[in-house]
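These are the residues of each chain, in order.
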Amino acid sequence: MNPEAIKETVLFVDDEESILDIACTYFRSRGYQVLTASNGREAVDILSKNRIDCCFTDINMPEMDGLELAEYIRKYDNTMPVVVMTGYPSLDNTIQTLKNGVVDFLIKPINLSQMEICIQRVFRERKLFTENIILSKEVEGKARLEKVNNELMCKNKELGVINRIMSDFSDLHESSDVFNQLVDSAVMLIHADAACFYLLNESTGQAIPIAFSKANNFISSSGSPKQVNACDSSQLFPLSEDPQIHTLVFDVVKDDQPLLIVENNGSGCLPDGILSFMLVPLKIRNKLMGILSALICQGECRFSEKELYYLSFMANKAASAIESLALYENIYNNLLATLYAFVKAIEARDPYTKQHSNRVTRLALAMAKVMGCSSEEQEILNVAGLLHDIGKIGIRDEILLKPGRLNSEEYDIIKQHPVIGADIMDNMGLWHREKQIVRCHHERFDGNGYPDKLKGEQIPFLARILSIADVYDAIASDRAYRKRMDESKILDIIFGGAGSQFDPAIIDVFRRMLESGEVAHVMADAD
Ligand SMILES: [Fe+2]
């Protein structure tokens, strides 16, 4: 049979067997599935075992009457239509059946075709009712989906802010960068009009504003958010010195808890110009280091718990960054001190080379400054200068300390020291640029140096500076195999080497420094 031809299942409940027989015969012939029961109790039993689409019931029946059955069905499945058939209609019965969710009321004797019209109508209504429920669920589902979607978008946005904070603090090189980043992030990411970091002075108990940033459209309308140091901040941002704000800062110091003032209610707690305000402590290993503040002075936005969370998260990330930088600087300085101790030990083996690396470094740095090298380049040159001969640690004493000239075999061994030195530094995993300078400090401008025979600008600029300082100190000092050269010979070697051994442009600078007496001054200071 075509599944579409299968009609619904109808349950007839009546204590008159003849009515059940007629209904059964008629509706089966119309394609319906028909089940019958002689009272409410039997009907309940059938309902528990079969899927019923509609129920026709008499009212007056033994054991369980039609009204009780209708009430049972309403609780059991409120989508199932119940039609009451009675030969004794009364107002009370009618009211009660309607209360029990009965959808229609037929009066006996019942016309079969009228009954069928009733069945068709209740099924149509039931279908509409079911569709309505499905539709309502769909609408509800869509609303829920939209809510979840909005929540997801919010979470995504929050995650974006958290990621941005994490990346902002992951690549900083100095502690002072951390404070500037902190106030910049507060302005950029939580849309504060201004932010200020107060450093806590433990001995005086003062909170000193050391970093400050403001939004483009706040006070000044030009440029990106500006950072200013402590002395400028009071001029650009008088609020950082405001006594009411300082009172709040000290409250946070005392209570060790973040502070959020969503709205300035004019109680005098906040200066009049501030609409919304936050303070969070910055602690390193549980010790309070300073306080970060953020404020809103214009517009409709106000800070909430979410912004307070972001600000606290920033303070935590800044604390971790400061701790890592301090640890790194400590390790770095320890390593440099250890390696320099090796250099000193090498120099101590030969009294003639005592302080050589120190003098070379001072002289090279003086030249670098005159030539306008950046502070980063000077720091690189400082490390490379101090460690430039560390490779000599691998050279045997009988060669390193040999009085008199070296034979070619011995000279070849000595020539390995730039490579040995660069390898030692390479193993430390630090100082890539410094390592290159150490490797190249015996290269010559004409390409006849060692170990790589680099030429001209192939040799790192700082190595070209170091090479002049190195040679100058070597020939201007006493050595195991000879005395200090006289001045004219020194000048001949240095200036004669312009373009062959040395970079002529740097030699020009060195000449001016010699003539001005600066070289002598640096060398005297370094001893
Ligand atoms: Fe050397």
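Now for a look at the structure at hand. (Residues numbered from 1 in each chain as written. Predicted model: local features only at pLDDT ≥ 70, side-chain atom pairs only at ≥ 80, totals over all residues. Heavy atoms only, no water.)

## Examining the overall build of the protein
- The helix and strand inventory of the protein stands at 19 helices and ten strands.
- In terms of overall size, the protein is more extended than a compact globule, its C-alpha atoms giving a radius of gyration of 47 Å where 527 residues would be expected to give roughly 24 Å.
- Seen through its principal axes, the protein has C-alpha atoms that stretch 145 × 65 × 40 Å.
- Each of the 527 residues in the protein was classed as buried or not, and the buried ones make up 43%.
- Pairs at least 24 apart in sequence give 62% of the contacts found in the protein among residues at least 6 apart.
- Summed over all atoms, the accessible surface of the protein reaches about 27800 Å², with 52% contributed by carbon and sulfur.
- Counting 55 positive and 76 negative side-chain charges, the protein places the centres of these two groups 5 Å from one another. (Helix = DSSP H or I, 4+ residues; strand = E, 2+ residues; numbered from the N terminus. Rg over C-alpha atoms; globule rule 2.2 N^0.38 Å. Buried < 20%, exposed > 50% of the residue type's maximum accessible area, 1.4 Å probe, protein only. Contact = heavy atoms within 4.5 Å. Areas by Shrake-Rupley, 256 points an atom, 1.4 Å probe, with all protein chains shown as cover. Lys, Arg positive; Asp, Glu negative; His and termini not counted. Charge placed at Lys NZ, Arg CZ, Asp CG, Glu CD.)

## Considering the coordination of the iron ion
- Listed as protein donors to the iron ion are Asp-389 (OD), His-417 (NE2), His-441 (NE2) and His-442 (NE2); their distances from the metal cover 2.2 to 2.4 Å.
- When the donor residues of the iron ion are listed from N- to C-terminus, their spacing reads D-x27-H-x23-H-H. With Asp-389 in the loop between helix H11 (375-387) and helix H12 (397-400) and His-417 in helix H14 (residues 417-428), the pair connects residues that are 28 residues apart, well separated along the chain. Here the two residues Asp-389 and His-417 agree in accessibility, since each one is buried. (Donors = N, O, S within 2.8 Å, 3.2 Å for Na, K, Ca; no water.)

## As for helix H8 (residues 243-255)
- The end-to-end C-alpha separation of H8 is 18 Å, in line with the 18 Å expected for 13 residues at 1.5 Å each.
- Along H8, the positions that sit buried rather than exposed are Ile-245, His-246, Leu-248, Val-249 and Val-252. Seen along its axis, H8 keeps its buried residues to an arc of 160 degrees; they face one direction. Summarising the geometry of H8, the exposed residues directed more than 90 degrees from the buried face are Pro-243 and Lys-254.
- Contact partners of the buried residues in H8: strand S6 (194-200), strand S7 (207-214), strand S8 (259-261), strand S9 (276-284) and strand S10 (287-296). (Expected span 1.5 Å × (residues − 1). Arc of directions from axis to C-beta.)

## A look at the nonpolar core
- Leu-363, Leu-387, Trp-431, Ile-465, Tyr-472, Ile-494 and Phe-510 are the most contacted members of the largest nonpolar core, which totals 52 residues.
- Setting aside residues no more than four positions away along its own chain, Ile-465 makes contact with Ala-364, Met-367, Ala-368, Met-371, Cys-373, Leu-381 and Ile-506.
- Ranked by size, the runner-up nonpolar core spans 36 residues in total, among them Leu-172, Leu-292, Tyr-310 and Met-314. (Core = buried A, V, L, I, M, F, W, Y, C linked by side-chain atoms within 4.5 Å.)

## With respect to the sheet that holds S7
- If you walk across this open sheet you meet the five strands as S7-S6-S10-S9-S8, and the pairing is antiparallel. Because the sheet does not close on itself, it has two edges, and the strands there are S7 and S8. Within the sheet, the average angular offset between the axes of one strand and its neighbour, ignoring direction, is 15 degrees.
- Strand direction decides the pairing type here: S6 and S10, joined by six bridges, are antiparallel. Within the sheet, the bridge partner assigned to Ala-195 lies in S10 and is Ala-294. (Pairing = 2+ DSSP bridges. Axes fitted to C-alpha atoms, helices over the stretch in contact; angles between N-to-C directions.)

## Observations concerning the packing of aromatic side chains
- Tallied over the entire structure, the rule returns eleven aromatic pairs.
- Measuring from centroid to centroid gives 5.1 Å for Tyr-26 and Phe-27, while their planes differ by 90 degrees, and the two rings are edge-to-face.
- Given a relative accessible area of 21%, Tyr-26 falls into the partly exposed group.
- Owing to a relative accessible area of 0%, Phe-27 belongs among the buried residues under this scheme.
- Relative to Phe-510, the ring of Tyr-472 lies with its centre 5.3 Å away and its plane at 70 degrees, an arrangement referred to as edge-to-face. Of this pair, Tyr-472 sits in helix H16 (residues 461-475) while Phe-510 is found in helix H18 (residues 504-515), placing the two residues 38 residues apart along the sequence. Each member of the pair, Tyr-472 as well as Phe-510, is classed as buried.
- Aromatic ring contacts, followed pair by pair, group Phe-12, Tyr-26, Phe-27, Tyr-32, Phe-56 and Phe-123 into a single cluster. (Phe/Tyr/Trp six-rings, centres within 6.5 Å; stacked < 30°, edge-to-face > 60°.)

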